[in-house]
Amino acid sequence: MRRARPGAPPRGTANRALTSVGAGADFDRNPLPTDTVEREPVTTAKEESPQSKLWHITLSVSGAETPLGEVRRGLEQLAHDHPFLLTSRYAGDHAEIRYWEEARDLHDAAAVALRLWGEHRSSAQLPPWEIVGLEVIDRETYHLRIAEGYGPPPAAPVGVHPY
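Residues numbered from 1 in each chain as written. Predicted model: local features only at pLDDT ≥ 70, side-chain atom pairs only at ≥ 80, totals over all residues. Heavy atoms only, no water.

1. Considerations on the overall build of the chain
Piece 1. When you go through the chain residue by residue, the secondary structure sums to 3 helices and 5 strands.
Piece 2. The secondary structure elements of the chain, listed N-terminal to C-terminal, are β-α-β-β-α-β-α-β.
Piece 3. Each of the 163 residues in the chain was classed as buried or not, and the buried ones make up 28%.
Piece 4. Across the chain, contacts joining residues at least 24 apart in sequence account for 69% of those joining residues at least 6 apart.
Piece 5. Counting only carbon and sulfur atoms, one obtains 54% of the accessible surface of the chain, whose full area is about 12000 Å². (Helix = DSSP H or I, 4+ residues; strand = E, 2+ residues; numbered from the N terminus. Buried < 20%, exposed > 50% of the residue type's maximum accessible area, 1.4 Å probe, protein only. Contact = heavy atoms within 4.5 Å. Areas by Shrake-Rupley, 256 points an atom, 1.4 Å probe, with all protein chains shown as cover.)

Encoded structure:
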């Protein structure tokens, strides 16, 4: 709520002049009956919002040797917290996490992937390892690689497994 004298201009507007803004092409969509000008119906182009795509993420982490039981329990908790997790492979000093991420573009998918380990480190009690590798590929590239026999095979054994 603004407190001012009645009729006083708003603060900071003493030297500014008002300018008009056009109403837009569809302002007078339905002319009044007294309007005799023939007009074509106005159509507005809707901006399409960018569609999300699926991205296959492979995140590699490593660090100091950690007991295998702790690594497994942390990765299982991560899989519970992040339901799109496909598979995790682990050893005492490194792990690889593979999953699908939905994002608008590669930049968004990579940004989310790079935050995954850090954001879940305390809640899933993950080892204090660093991200040492990241691969982000679109769905078409993933399926093309699989069809040609390249790249990692589909994550058939879903879950957390030792190397």
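2. A short note on the sheet that holds strand 5 (residues 159–162)
Piece 1. Taken in spatial order, the 5 strands of this open sheet run 4-1-3-2-5, and their pairing is mixed. Of all strands in the sheet, those with a lone pairing partner are strand 4 (130–138) and strand 5, marking the two edges. Within this sheet the neighbouring strands show an average axis-to-axis angle of 15 degrees, counted without direction.
Piece 2. In this structure, strand 2 (residues 85–90) lies alongside strand 3 (residues 94–103), joined through 5 bridges in antiparallel fashion. Each bridged residue has a counterpart across the sheet, and for T87 the counterpart in strand 3 is R98. (Pairing = 2+ DSSP bridges. Axes fitted to C-alpha atoms, helices over the stretch in contact; angles between N-to-C directions.)

3. Quick notes on the nonpolar core
Piece 1. Core analysis: the largest hydrophobic core is formed by 23 residues, its most contacted members being I57, L75, L78, I97, Y99 and W117.
Piece 2. At the level of elements, strand 1 (53–62), helix 1 (68–81), strand 2, strand 3 and helix 2 (106–120) are the ones that each hand at least two residues to this core. (Core = buried A, V, L, I, M, F, W, Y, C linked by side-chain atoms within 4.5 Å.)

4. What about the pairing of strand 3?
Piece 1. For strand 3, the tally of buried residues reaches 8 of 10 residues, placing the bulk of the element in the interior.
Piece 2. Sheet analysis places strand 1 next to strand 3, joined by 10 bridges and oriented antiparallel. Opposite L54, over in strand 3, you have E102 as the bridge partner.

5. Here's the deal with the pattern of salt bridges
Piece 1. Tallied over the full model, the rule gives 7 salt bridges.
Piece 2. One salt bridge connects D138 with K53, and the closest N-O pair in it is separated by 3.8 Å. Of the two residues, D138 sits in strand 4 while K53 sits in strand 1, which places them 85 residues apart along the sequence.
Piece 3. Judged by its relative accessible area of 33%, K53 falls in the partly exposed class.
Piece 4. Each of R104, D105 and D108 takes part in salt bridges that share partners, so that together they form one network. (Salt bridge = Lys/Arg side-chain N within 4 Å of Asp/Glu carboxyl O.)

6. Examining helix 2
Piece 1. In this model helix 2 runs 21 Å from its N-terminal to its C-terminal C-alpha over 15 residues, within 8% of the 21 Å that 1.5 Å per residue would give.
Piece 2. Residues A109, A110, A113, L116, W117 and H120 constitute the buried set of helix 2.
Piece 3. On its buried face, helix 2 sits against strand 1, helix 1, strand 3 and strand 4.
Piece 4. Capping the start of helix 2, D105 holds a side-chain oxygen 3.3 Å from the backbone nitrogen of H107, two or three residues further along. (Expected span 1.5 Å × (residues − 1). Polar contact = N/O pair within 3.5 Å; in protein donor to acceptor, adjacent residues only side chain to side chain.)

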